[in-house]
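# Survey of secondary and tertiary structure
Spelled out, the chains give:
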Amino acid sequence: MGAAPIARLDVSVSQMRSAKGMLRVCLTADPENFPACVDDADAITRSVPADAHAMRFEGLPHGQYAVAVIHDENGNRKLDTFAGIPREGFGFSRNPPIRFGAPRFAAARFAITGDANQQQIKMHYML
């Protein structure tokens, strides 16, 4: 048996309202744990300074994935809300329309098939 094909994913983030705080990123192949990645042992989570605007994930097996990004402006490691409405920025792979709550995995899902893959995520701010 040969090794599973592996690939790289470059994620870029645009339309941020500030360079304060951190970007909290979750890359998962598990629909049950999207977008939070809380109980997903295989999820890749990363925190980068908000002014980084881009990150690279390497050594990924081919498959179906989704990315969720939170702009944690105050650095408290969570998405702050007011009356259930996010006070900080968020975005998802494939940039699905944002209605009530986070999109489902299927709306943000994309395939990693070749060597180099890209996702450009637009941030959203409600308040």
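Use the structure listed above.
Rules used in this analysis
Residues numbered from 1 in each chain as written. Predicted model: local features only at pLDDT ≥ 70, side-chain atom pairs only at ≥ 80, totals over all residues. Heavy atoms only, no water. Pairing = 2+ DSSP bridges. Helix = DSSP H or I, 4+ residues; strand = E, 2+ residues; numbered from the N terminus. Axes fitted to C-alpha atoms, helices over the stretch in contact; angles between N-to-C directions. Polar contact = N/O pair within 3.5 Å; in protein donor to acceptor, adjacent residues only side chain to side chain. Contact = heavy atoms within 4.5 Å. Disulfide = S-S within 2.5 Å. Buried < 20%, exposed > 50% of the residue type's maximum accessible area, 1.4 Å probe, protein only. Salt bridge = Lys/Arg side-chain N within 4 Å of Asp/Glu carboxyl O. 1 Å grid on protein atoms, 1.4 Å probe; cavity = no way out; pocket = protein on both sides within 12 Å on 5 of 7 lines; lining within 4 Å. Points joined across faces, edges and corners; volume = space filled by probe spheres on them. Nonpolar A, V, L, I, M, F, W, Y, C, P; charged D, E, K, R; others polar.

### As for the sheet that holds strand β10 (residues 116–122)
Sheet strands line up and pair through hydrogen bonds in the backbone, either parallel or antiparallel. Reading across the sheet, the 3 strands line up as β4-β1-β10 and stay open at both edges, with mixed pairing between neighbours. Both outer strands of the open sheet, β4 (54–61) and β10, are each paired with one neighbouring strand and no more. Across the sheet, the mean angle separating the axes of adjacent strands is 20 degrees when strand polarity is ignored.

### Details of the side chain of Asp 10
The topology assignment puts Asp 10 in strand β1 (residues 6–14). There is a polar contact of 2.6 Å between the side chain of Asp 10 and the side chain of Arg 56. In contact with Asp 10, not counting residues within four places along its chain, are Met 55, Arg 56, Asn 117, Gln 118 and Gln 119.

### Some details on the state of the cysteines
Disulfide: a covalent bond connecting the sulfur atoms of a pair of cysteines. One pass over the structure, following the stated rule, counts 1 disulfide. Between the sulfur atoms of Cys 26 and its disulfide mate Cys 37 the distance is 1.4 Å. One end of the pair, Cys 26, is in strand β2 (residues 22–28); the other, Cys 37, is in the loop between β2 and β3 (44–49), and 11 residues separate them in sequence. Each member of the pair, Cys 26 together with Cys 37, is buried.

### Considerations on the pattern of salt bridges
All told, the structure shown has 4 salt bridges when counted by the stated rule. Glu 73 is the salt-bridge partner of Arg 17, the closest N and O atoms lying 2.8 Å from each other. A residue pair is termed long-range when its members are at least 10 positions apart, and Arg 17 in the loop between β1 and β2 and Glu 73 in the loop between β5 (63–72) and β6 (81–82) qualify at 56 residues. For the salt bridge of Asp 72 with Arg 24, the shortest nitrogen-to-oxygen distance reads 3.0 Å. With Asp 72 in strand β5 and Arg 24 in strand β2, this pair connects stretches of sequence that are 48 residues apart. Comparing Asp 72 with Arg 24, the two get one shared label, buried. In the salt-bridge network here, residues are joined through shared partners; they are Arg 8, Asp 10 and Arg 56.

### Overview of the layout of surface pockets
By volume, the largest pocket is sized at about 510 Å³. Lining the largest pocket are 27 residues, with Pro 35, Ile 70, Leu 79, Phe 90 and Phe 92 sitting closest to its centre. Listing elements by their share of the lining of the largest pocket, those giving two or more residues are β2, β3, β5, β7 (85–86) and β8 (89–92). Among the residues forming the lining of the largest pocket, the class breakdown is 18 nonpolar, 4 polar and 5 charged.

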